[in-house]
Amino acid sequence: MAHTVTRALVLREVDYKESDKILTVLTESEGKRTVKAPGCRRKNSPLSAAGQLLVYSEMTFFDYQDRLSMKEASTLNEFRGVRADLWKLALGSYFAEVCEAVAEEGVPTPGLLSLILNSLYALDKLDRPLPLVKAAFELKLCCLAGYEPLVDACAVCGKEQPDGPRLSLNQGVLHCARCREELGEEGVSLPLDEGSLAAVRHIVYGDPKRLFSFQLPPESLDRFAGVGESFLLAQLERGFRTLDFYKGLS
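Visitor: Go over the state of the cysteines, please, and point to the residues and values.
Guide: Per the stated rule, a full pass over the model turns up zero disulfides. Residue Cys 142 stays outside any disulfide, its sulfur separated by 7.0 Å from that of Cys 143, the closest cysteine. Of all cysteine sulfurs in the structure, the one in Cys 157 sits closest to Cys 176, which takes part in no disulfide; the separation is 3.7 Å.

Visitor: I'd like a rundown of the pattern of salt bridges, residues and numbers included.
Guide: Under the counting rule described, the total for this entry stands at 15 salt bridges. Between Glu 58 and Arg 7 there is a salt bridge, with its nearest N and O atoms 4.0 Å apart. Of this pair, Glu 58 sits in strand E4 (residues 56-64) while Arg 7 sits in strand E1 (residues 2-16), and the two are 51 residues apart along the sequence. Taking the relative accessible area as the measure of exposure, Glu 58 reaches 36% and is therefore partly exposed. Residue class for Arg 7 comes out partly exposed when judged on its relative accessible area of 35%. The salt bridge partner of Lys 36 is Asp 20, with a shortest N-O separation of 3.8 Å. You can see Lys 36 sitting in strand E3 (residues 32-37) and its partner Asp 20 sitting in strand E2 (residues 20-27), a full 16 residues away along the chain. For Lys 36, a relative accessible area of 27% corresponds to the partly exposed category. Connected through salt bridges with shared partners, the residues Lys 134, Glu 138, Glu 229 and Lys 247 form a single ionic network.

Visitor: How would you explain a nonpolar patch on the surface if you had to name every residue and give the values?
Guide: Residues Leu 86, Trp 87 and Phe 245 make up a contiguous nonpolar surface patch of roughly 310 Å² in combined accessible area. In this structure, Trp 87 sits in helix H2 (residues 86-102). Relative accessible area serves as the criterion here: at 36%, Trp 87 is assigned to the partly exposed category.

Visitor: Provide a residue-level description of the packing of aromatic side chains, including the pertinent values.
Guide: Scanning the model with the defined rule gives five aromatic pairs in all. Considering the side-chain rings of Phe 95 and Phe 137, the 4.1 Å spacing of their centres and the 25° angle between planes classify their relative orientation as stacked. With a gap of 42 residues between them, Phe 95 in helix H2 and Phe 137 in helix H4 (residues 130-144) connect regions that are remote in the sequence. Considered together, Phe 95 and Phe 137 belong to a single accessibility category, that of buried residues. Taken together, the aromatic side chains of Tyr 94, Phe 95, Phe 137 and Phe 240 make up a single cluster linked through ring pairs.

Conventions and cut-offs
- Residues numbered from 1 in each chain as written.
- Predicted model: local features only at pLDDT ≥ 70, side-chain atom pairs only at ≥ 80, totals over all residues.
- Heavy atoms only, no water.
- Disulfide = S-S within 2.5 Å.
- Salt bridge = Lys/Arg side-chain N within 4 Å of Asp/Glu carboxyl O.
- Helix = DSSP H or I, 4+ residues; strand = E, 2+ residues; numbered from the N terminus.
- Buried < 20%, exposed > 50% of the residue type's maximum accessible area, 1.4 Å probe, protein only.
- Patch = residues over 30% accessible without salt bridge, like charges linked within 9 Å, V, L, I, M, F, W, Y side chains within 5 Å.
- Areas by Shrake-Rupley, 256 points an atom, 1.4 Å probe, with all protein chains shown as cover.
- Phe/Tyr/Trp six-rings, centres within 6.5 Å; stacked < 30°, edge-to-face > 60°.

Right under this line is the structure:
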């Protein structure tokens, strides 16, 4: 049996048989993988910690007849601050569900694992508003999944600082309020202000290692948060039960 050692984050866990789990994990080099974790629900199982949602571990997989089983695991980060807070856990679960939706089985998605790990770290350790972390994750994920918005200038007149800036959710382009008709925009177009536009540009074009290194006043944060969620849902054309749960907490 061939074996592979990789680092991976658990995106989903499903109980299987009497004491096993079927895990969906996001790996460094092979994208999303479906893995059986035998016996991990038994008391004192060496796999029990690594088999939990949002736990990041070094895992050893054995491949037998094109099916992966996790035989060994060493936890690297359990993000305990996330697990201890219902709001943060709900948001982290949403991040996991979105990553599972965009990742393909066995196909590497460069940057995706780093994004969710950095986002969970921000929830766990950084003193940032949850809506800021959420919107930054949503916009950056869209970029990694091939839906990067064009926000360097108005798509119609080319003005770098558009008058009454708006982001088209369907076309994914920035435009001036007065240029909307010329753009031929029939779908939803959301307004931005100076702060929220700067934040969107920071996420799309900035250093991914400094994804959360900015602050916004309340009104700009509200607009930034609205654009992040709306753009992701429009591009992926689906909803998420974990997002509904998170929003239901408020």
